[in-house]
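Per-entry structural report
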Amino acid sequence: MGLLSLVTFIPVFGALIVLLIPRQNEKAVKIVSAVITFIPFVLATYMWGQFNYTMSGINNEAQFQFVQHFKWIPAYNIEYFIGVDGLSFPMVWLTTLLSFLAIIASWNINKAVKGYFALFLLLETGMLGVFVSLDFFLFYIFWEVMLLPMYFLIGIWGGPRREYAAIKFFLYTLLGSVLMLIVMLALYFNVKDPVTGGHTFNMLLMMDQSNHSGWLLGVDVRLWLYILLFIGFAIKVPIFPFHTWLPDAHVEAPTAISVILAGILLKMGTYGLFRLSYPIFPDVAVKTAYMLAVLGVINILYGAFVAMAQKDLKKMVAYSSVSHMGFVLLGMSTFTDAGMNGALFQMFSHGMITAMLFLLVGVIYDRAHHREIDGFGGLAVKMPIFAGVATLAFFAALGLPGMTGFIAEVMVFIGTFSVYRTLTILAVLGIIVTASYILWTVQRVFLGKLNPKYENISEISGRELFTLVPLGILVILFGIYPIPILNLFRASMTHLINLIP
Amino acid sequence: MYDFLWLVPTLPFLGFLILALFGKKLGKTLSAFVGVGSIGISALITILIGIRFLSSPPEGDAFVQTLWTWIAVDRFNVNIALHLDALSLVFTFVITFVGFWIHLYSVEYMADDESFSRFFAYMNLFVGAMLLLVLGDNLLLLYLGWEGVGLCSYLLIGFWYKDSANGYAARKAFIVTRVGDAAMAIGLFLLFYSFGTLNIQEILTQAPQTWSVGNNLAVIATLLLLGGAVGKSAQLPLQVWLPDAMAGPTPTSALIHAATMVTAGVYLIARMHGIYELAPVSMFVVAIVGAATLLIAGFAGLTQVDIKRVLAYSTISQIGYMFLALGVGAWSAAIFHFMIHAFFKALLFLGAGAIILAQHHEQNMFKMGGLAKALPVTFWTFLIGSGSLAALPLVTAGFYSKDAIIWFAWSAEGGNIYLWAAAVFGAFITGFYTFRMVFVTFFGQQKIDVSHFPKWTIHVPLIVLAFFALFGGFIELPGTMGHFTLFSDFLKSALPAMEEVAHENVSLEYFSQILTAVLALVSVYLAYVLYLKKPQIVTNFTDTGFGKGLQQFFLSGLGFDWLYERLFIRPYVWIARTNKRDFIDLFYVFLPWMSRQFHYAFSYTQSGKVRRYILGIALGAVVSITIVVIL
């Protein structure tokens, strides 16, 4: 079995192992889960060492790495076709890291422990599968595999309004899946495998327009298919006005699930745009680029303004995600090197920063059992280490230079300025709003007089620090030395830009 | 020696790291050693590099040390690289040298604070970031330092975080400067767009070839950079944050909000002088901003009662002078005043700190008095600092640096008589409010007993800085007094020489100097009369309605806070509040509501009553038949 398949499927085998452990042995469930999620992380890190920076991937099978390609369901030309390139590998690595940390952050789950960890492990396989699939059908399966555990993880282990949030999440995402399904089938029946002459789900073949049928080459058809696929991904990102499932899902989801949701799941939307929408419909992508840039700016500003007014800490962080994902959209709408690499860097960077923010919210919630921003105050007095880590994460989120968020934003802006001047200026104004809501939050939670209710609140624990410190170090390290990440991206992004007419 | 340049910013960062991670365990003595020591060694290396620079300048008068590649994407390449030339050397020297004395002073000032090591951690981080700001060879690294010092400023203003007022001041400082930073960021993007690089020297070389004088892009780019500069340097219209920033510990005010960080705007404009010269309009705007700020801050300084706020407004005003000098093209005069100002203003803040420490942390000058006898060293050094700030003729360094600016405001290429008049009038106000402070604080009746007598750790920094505040000016003498130009000659390799174009006229220069000198002395005398000899004149005036109103108006910093509150903050908060519930979600709430209504409507039709069904069938039949008949 190939290394990449191992990384992808170890979690789901782990889920089986977890299910075999006696129910009362909760400690064993947790330890086994931690070990199992750690293995893909080690393997992915090893793969990073082996990664060939010059291979570009995107639409060329020979340029993919760790490829496995064989027939799965021959009757419908469905293949087991996986591989990574500079676009997917960073996301794979990030997924394995965040999954491991999220397992550690799930330590105090005490309701139906076995079910939680088994579902979580299934979720990890789903996520990894989405990032490695190069066959649209396989991609779609993994996409759906991801959806189901998420629904239950929010719906069973969530907060008071968990059912509302889970249903909302489910319906939204289902709509996206249906749209994607339509596009997938339309492509399947209209893309011809040049070798066999049959229909195909192979993404790389779909990217070659000489394989497209006459119908599929029609201008209107392409626009409509692009829009349907776009909405499917837009819901995941989420792009305004499809974003309202996110705050509810985040507020109700348990900490670790919020981490995964914001850290990985949101990136699947933009990943899908990069992986499928752009290479398959490059002509439409160019035509609609300005709209995408406008949506990006709306995300940035709208998310920031709504975040400003939130009273619930987690909701504030959720809306900040909406705002920060706007940078990805803005960057990818430019088709410039700086913009596209910046967008990808923002996906990576926001994955780490927002994970930190949700972990921090979780730490507070576990102690105070509420998340009202105005209900805290002066926590820095009793929790200086926690306040220090939180300050670091919040400043990373507001794009302070020396951390990854800044690198991403600067690259996006450098790329955008040469293409859309006015939009760039509007987006830059967003950084003022961001600064104001983040600092105001820091003030109300950590500074000021200690709220007497929290006279005896305990400092952050070693386990909690263990989940935060690696991310904090990476955020700073890749902020002052982002070259290792940029090296991963470079060849693939250059190749992708060359595909765009 | 040059190869050790990287150590200069690295040591403070290292100090920060040690203090941040192990500060609690180190204890106060070790923390002090790390905190002060790191800056001390940096200062030593800087001085050694400086000596080397003076004796054998590097090739091309600049030394570049590339540490590593920061960002590399296609054409967008940025290095972490240091650039040392005469300009950055002056700044590096002031930052590390003045910084060292302030750190030493802090050991005593902060001795009883429970967060002793945290204080030194922030201060070290600040010095490191500030050094990157002035040493960065590209605008992005400069911007990193720029935001880094902003962060430290935020952390140190809100150092005593248990009081929410301090947190408010910190937040205000960060957000107001970020407004400027946003403009500056757009400026950087524009420069990259125009030149394909952010390397400062490359931009300065390419600019004259790409842009002609008066080019629109040059004007826009320089105005955007000016936006960043006015934010950081607390100039009009973004000056409102600095007076509130006095909430931080006094050594912070001395280091960050007087000597170094707030002059970053001056550095930025001086550093980018090549593109400002291509945009005469922007130069003129810089000069106007400087002149207007120095007057407005001067007026506000007249009625302050908090000793630190007097100094804050005087800082804004003195940086106004520097901007004025930059705007008329007197580059080295601006840098000269920056250096001298760093000496005397740091001295004044440290003196004020010693007073505050001695007066049970009272900051209202009018509750003090008569401290000259109790605190002799503080008094004499404070007097020297005040003399330098008021530019008392001949004996103080401030006279030479300010005199140069005043004269160039008239005689330089971009100067004119109105700018000159503003500068002269500003000098008069400065002398008045400065000595008002001296007389009120040190003379008259002692009102509060002295609670803390300074030790050597406070006295030595005061004396050293006083020495420079007196004699630092002699390295640059005006044309009327021997035309000794050591400092501007030194800067010549980095900044264009100052040329008196318009009015090369010795008698006019004498006139200007004598007038300024006389006005400075008169202002001191006036302060003496009004605040020591006949204070009833002032009280009589402020008892009248007009006097009271004027006093309040000046006290509030001429109402800018009031205006901005209504112009920006309230609408902003209103917009955010109005959409708290995220109106888009209403649509998605509406969807299930609507489907439920349909559900009710349809389930109503299924009532189980036969007569209703028959009625329905009958009605349906009638409708169908009607349709068929009509069609």
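Along each chain, the written sequence defines residue order, and numbers are assigned to residues from 1. To label them, take the chains in the order written and letter them from A, then take the ligands in the order written and number them from 1. A pLDDT threshold of at least 70 governs which residues receive local features in this predicted model, and a stricter bar of 80 or more applies before side-chain atom pairs are shown or counted, although totals over entire chains, interfaces and linings include all residues. Only hydrogens and water are set aside; all other atoms, that is, all heavy atoms of the structure, feed into the side-chain values.

Next up on the list: the overall build of chain B. The numbering of helices and of strands both runs from the N terminus, where a helix is a DSSP run of H or I of at least 4 residues and a strand a run of E of at least 2. Looking only at helices and strands, chain B has 26 helices and two strands in total. Principal-axis analysis of the C-alpha atoms places the extent of chain B at approximately 115 × 60 × 60 Å. Counted as positive: Lys and Arg. Counted as negative: Asp and Glu, with His and the chain ends omitted from the count. One atom stands in for each charge, and that atom is NZ of Lys, CZ of Arg, CG of Asp or CD of Glu. Taking the average place of the 34 positive charges on the side chains of chain B and the average place of its 32 negative ones, the gap between the two points comes to 18 Å.

The next subject is the overall build of chain A. For chain A, the count of helices and strands is 20 helices and two strands. Here the globule rule is a power law, 2.2 Å times the number of residues to the power 0.38, and the radius of gyration is based on C-alpha atoms. Radius of gyration (C-alpha) of chain A: 22 Å, near the 23 Å computed for a compact globule of 501 residues. With the C-alpha coordinates of chain A rotated into their principal frame, the extents come out at 75 × 60 × 40 Å. Buried residues in chain A amount to 69% of all 501 residues. The contacts of chain A with a sequence gap of at least 6 include a subset with a gap of at least 24, amounting to 79%. Only the protein chains shown count as cover for residues, with accessible areas throughout obtained via the Shrake-Rupley method and a probe of 1.4 Å. Here chain A displays about 15200 Å² of accessible surface, and carbon together with sulfur accounts for 68% of that area. The positive charge centre, built from 27 side chains, and the negative charge centre, built from 23, are 7 Å apart in chain A. A 1.4 Å probe rolled over the protein chains alone gives each residue an accessible area, and that area as a share of the maximum for its type sets the label: buried under 20%, exposed over 50%, partly exposed in between. In what follows, a contact means two residues having at least one pair of non-hydrogen atoms within 4.5 Å.

Turning to the interface of chain A and chain B, a few remarks are in order. Every contact between the two is made by 60 residues of chain A and, on the other side, 43 residues of chain B. Here chain A packs against chain B, burying approximately 4600 Å² in sum over the two surfaces, 72% of which is carbon and sulfur. The term buried area refers to how much accessible surface (probe radius 1.4 Å) is lost by two components on association, counted for both of them together. If you sort the residues of chain A by the area they bury against chain B, Ile414, Phe417 and Leu439 of chain A come out on top, with a joint share of 12%. By definition, a salt bridge exists where a carboxyl oxygen of Asp or Glu is found within 4 Å of a side-chain nitrogen of Lys or Arg. Seen at the junction of chain A and chain B, the total is one salt bridge. For lysine 168 of chain A, the salt bridge goes to aspartate 585 of chain B, with nearest N and O atoms at 2.9 Å. We call two N or O atoms a polar contact when they sit within 3.5 Å, provided that within protein one can donate a hydrogen and the other can accept it, with sequence-adjacent residues counted only if both atoms are side-chain atoms. One can count 18 residue pairs in polar contact (both at pLDDT 80 or more) joining chain A with chain B. Of all the elements in the fold, those that place two or more residues in the side of chain A that touches chain B are α6 (162–190), α12 (289–309), α14 (337–368), α15 (379–382), α17 (404–417), α18 (421–446), α19 (462–480) and α20 (483–499) of chain A. Ranked by residue count, the leading element in the side of chain A that touches chain B is α18 of chain A, at 14 residues. The classification used treats Ala, Val, Leu, Ile, Met, Phe, Trp, Tyr, Cys and Pro as nonpolar, Asp, Glu, Lys and Arg as charged, and all other residues, Gly among them, as polar. Taken together, the residues that form the side of chain A that touches chain B break down as 41 nonpolar, twelve polar and seven charged.

On to helix α4 (residues 113–132) of chain A, then. Given a helix with a known number of residues, its expected span is that number minus one, times 1.5 Å. The end-to-end C-alpha distance of α4 of chain A, which contains 20 residues, comes to 29 Å, matching closely the 28 Å that a straight helix rising 1.5 Å per residue would cover. With respect to burial, α4 of chain A is a largely interior element, 18 of its 20 residues being buried.

This paragraph deals with the domain arrangement of chain B. Looking at the assigned domains, one finds that chain B contains domain 1 (279–533), domain 2 (545–577) and domain 3 (584–630). Where each domain begins and ends follows an automated or database-derived domain assignment. Domain 1 of chain B and domain 3 of chain B are separated by 85 Å when their C-alpha centres are compared.

Bringing the pairing of strand β1 (residues 63–73) of chain B into the picture now. Residues and elements named next belong to chain B. With nine bridges connecting them, β1 and strand β2 (residues 76–84) associate as antiparallel partners. Residue pairing in the sheet places tryptophan 68 in a bridge with isoleucine 80 of β2. Linking β1 back to β2 in an antiparallel pair, the connection comprises two residues, with aspartate 74 at a positive phi of about 50°. If DSSP finds at least two bridges between two strands, the strands pair.

Another point: the nonpolar core. Note that soluble globular proteins tend to have their nonpolar side chains buried in a common cluster. In terms of nonpolar packing, the biggest core is built from 454 residues, with Phe136, Phe274, Tyr278 and Phe446 of chain A together with Met272 and Ile335 of chain B touching the most fellow members. For this core, the leading source of residues is helix α14 (residues 331–358) of chain B, giving 22 residues. Residues lining this core come from more than one domain, with at least three contributed by each of domain 1 (279–533) and domain 2 (545–577) of chain B. Methionine 272 of chain B has contacts with Leu139, Leu191, Ile200, Ile203, Leu204 and Leu225 of chain B, leaving out every residue within four places of it along the chain. For the purposes of this section, nonpolar cores are sets of buried Ala, Val, Leu, Ile, Met, Phe, Trp, Tyr and Cys residues that join through side-chain atoms within 4.5 Å.

Between valine 237 of chain A and proline 238 of chain A the backbone carries a cis peptide bond, its omega angle lying at -15°. Mapping proline 238 of chain A onto the fold places it in the loop between α8 (219–236) and α9 (245–252). The step from leucine 236 of chain B to proline 237 of chain B runs through a cis peptide bond, and the omega angle for that step is 0°. On the secondary structure map, proline 237 of chain B appears in the loop between α7 (216–232) and α8 (241–244). The backbone of alanine 234 of chain B sits at a positive phi, close to 55°, despite the residue not being glycine. Counting through the fold element by element, alanine 234 of chain B comes out in the loop between α7 and α8.

Here we come to the pattern of salt bridges. Evaluated as defined, the whole model comprises 16 salt bridges over all chains. Where arginine 367 of chain A meets glutamate 464 of chain A, a salt bridge forms, and the shortest distance between an N and an O atom there is 2.8 Å. Of this pair, arginine 367 of chain A sits in helix α14 while glutamate 464 of chain A sits in helix α19, and the two are 97 residues apart along the sequence. The pair formed by arginine 367 of chain A and glutamate 464 of chain A is uniform in burial state, with each residue classed as buried. For aspartate 244 of chain B, the salt bridge is made with arginine 309 of chain B, and the minimal N-O distance between the two is 3.4 Å. One end of the pair, aspartate 244 of chain B, is in helix α8; the other, arginine 309 of chain B, is in helix α13 (residues 307–327), and 65 residues separate them in sequence.

A few words now on the packing of α9 of chain A against helix α10 (residues 255–280) of chain A. All names here are of chain A. Fitted lines through C-alpha atoms give the axes, limited to the stretch in contact for helices. The angle between two N-to-C directions lies from 0 to 180 degrees. At a minimum axis distance of 8 Å, the contact between α9 and α10 shows a crossing angle of 145°. Of the residues in α10, those touching α9 at Trp245, Leu246, Ala249 and His250 are Ser258, Leu261, Ala262 and Leu266. A per-class count over the contact of α9 with α10 returns six nonpolar, two polar and no charged.

A separate point is a nonpolar patch on the surface. A grouping of Ile476, Ile480 and Tyr481 of chain A together with Trp6, Leu67 and Trp68 of chain B is seen on the molecular surface, where their side chains present a nonpolar patch of about 490 Å² in accessible area. Sorting the residues of the nonpolar patch by element identifies α19 of chain A together with β1 of chain B as the ones contributing at least two each. Among the secondary structure elements, tryptophan 6 of chain B is positioned in the segment before α1 (7–55). Residues qualify for a patch when their relative accessible area is over 30% and they have no salt bridge, like charges being joined within 9 Å and the nonpolar side chains of Val, Leu, Ile, Met, Phe, Trp and Tyr within 5 Å.

The criterion for an aromatic pair is that two Phe, Tyr or Trp rings (for Trp, the six-membered ring) have centres within 6.5 Å, with stacked assigned to planes under 30 degrees apart, edge-to-face to planes over 60 apart and tilted to the rest. The full count for this structure, using the stated rule, is 93 aromatic pairs over all chains. Arranged with centres 5.2 Å apart and planes meeting at 65°, the rings of tyrosine 151 of chain A and phenylalanine 152 of chain A form a pair that is edge-to-face. Overall, tyrosine 151 of chain A belongs to the partly exposed group, its relative accessible area being 23%. Geometrically, the ring pair formed by phenylalanine 598 of chain B and phenylalanine 602 of chain B is stacked, given 6.4 Å between the ring centres and 20° between the ring planes. Here the residue phenylalanine 598 of chain B and the residue phenylalanine 602 of chain B both occupy positions in helix α25 (residues 584–605), the gap between them amounting to four residues, near one helical turn. Its relative accessible area of 46% is what places phenylalanine 598 of chain B among the partly exposed residues. A cation over an aromatic ring shows up here: arginine 371 of chain A above the ring of tyrosine 365 of chain A, its NZ or CZ 4.8 Å from the ring centre. A ring has a charge above it when a Lys NZ or an Arg CZ is no more than 6 Å from the ring centre and no more than 35 degrees off the ring normal.

To continue, consider the environment of phenylalanine 120 of chain A. Residue and element names in this part refer to chain A. Looking at where phenylalanine 120 falls in the secondary structure, it is placed in helix α4. Sequence-wise, phenylalanine 120 and alanine 75 are 45 residues apart; in three dimensions their C-alpha atoms are separated by 33 Å. Excluding anything up to four places from it in sequence, phenylalanine 120 contacts Ser99, Ala102, Ile103, Leu153, Ile257 and Ile260.

Looking now at the confidence of the model for chain A. Note: predicted coordinates in regions of low pLDDT should not be interpreted at a detailed level. In this model, chain A carries an average pLDDT of 90, and 100% of its residues clear a pLDDT of 70 or more. Ranking the elements of chain A by mean pLDDT puts α15 of chain A last with 87 and helix α3 (residues 89–105) of chain A first with 94. The predictor's confidence in any single residue is recorded as pLDDT, a number from 0 to 100.

With that out of the way, let us pick up the packing of α10 of chain A against helix α13 (residues 313–332) of chain A. Residue and element names in this part refer to chain A. At a minimum axis distance of 12 Å, the contact between α10 and α13 shows a crossing angle of 20°. Classified by the angle between their axes, α10 and α13 sit roughly parallel to one another. Crossing handedness for the pair α10 and α13: right-handed. Residues Thr255, Ser258, Ala262, Leu266, Lys267, Thr270, Leu273, Phe274 and Tyr278 of α10 touch α13, and the partners they reach there are Lys314, Ser321, Met325, Val328, Leu329 and Met332. Split by residue class, the contact of α10 with α13 holds nine nonpolar, four polar and two charged. The scheme is simple: roughly parallel for angles under 35 degrees, roughly antiparallel for over 145, roughly perpendicular for 65 to 115, oblique for anything else. The hand of a helix crossing depends on one turn: near helix anticlockwise from the far one by less than a right angle means left-handed, and clockwise means right-handed.

Moving on, we come to the pairing of strand β2 (residues 78–84) of chain A. Residue and element names in this part refer to chain A. Extensive coverage of β2 is indicated by the burial of seven of its seven residues. Both faces of β2 are covered, namely the face carrying Ile78, Tyr80, Ile82 and Val84 and the face carrying Glu79, Phe81 and Gly83. As defined by bridge partners, strand β1 (residues 65–73) adjoins β2 across six bridges and the pair is classed as antiparallel. Considered in β2, the bridge of glutamine 65 is made with valine 84. In sequence, β1 turns back onto β2 through a hairpin of four residues, with asparagine 77 there showing a positive phi of about 55°.

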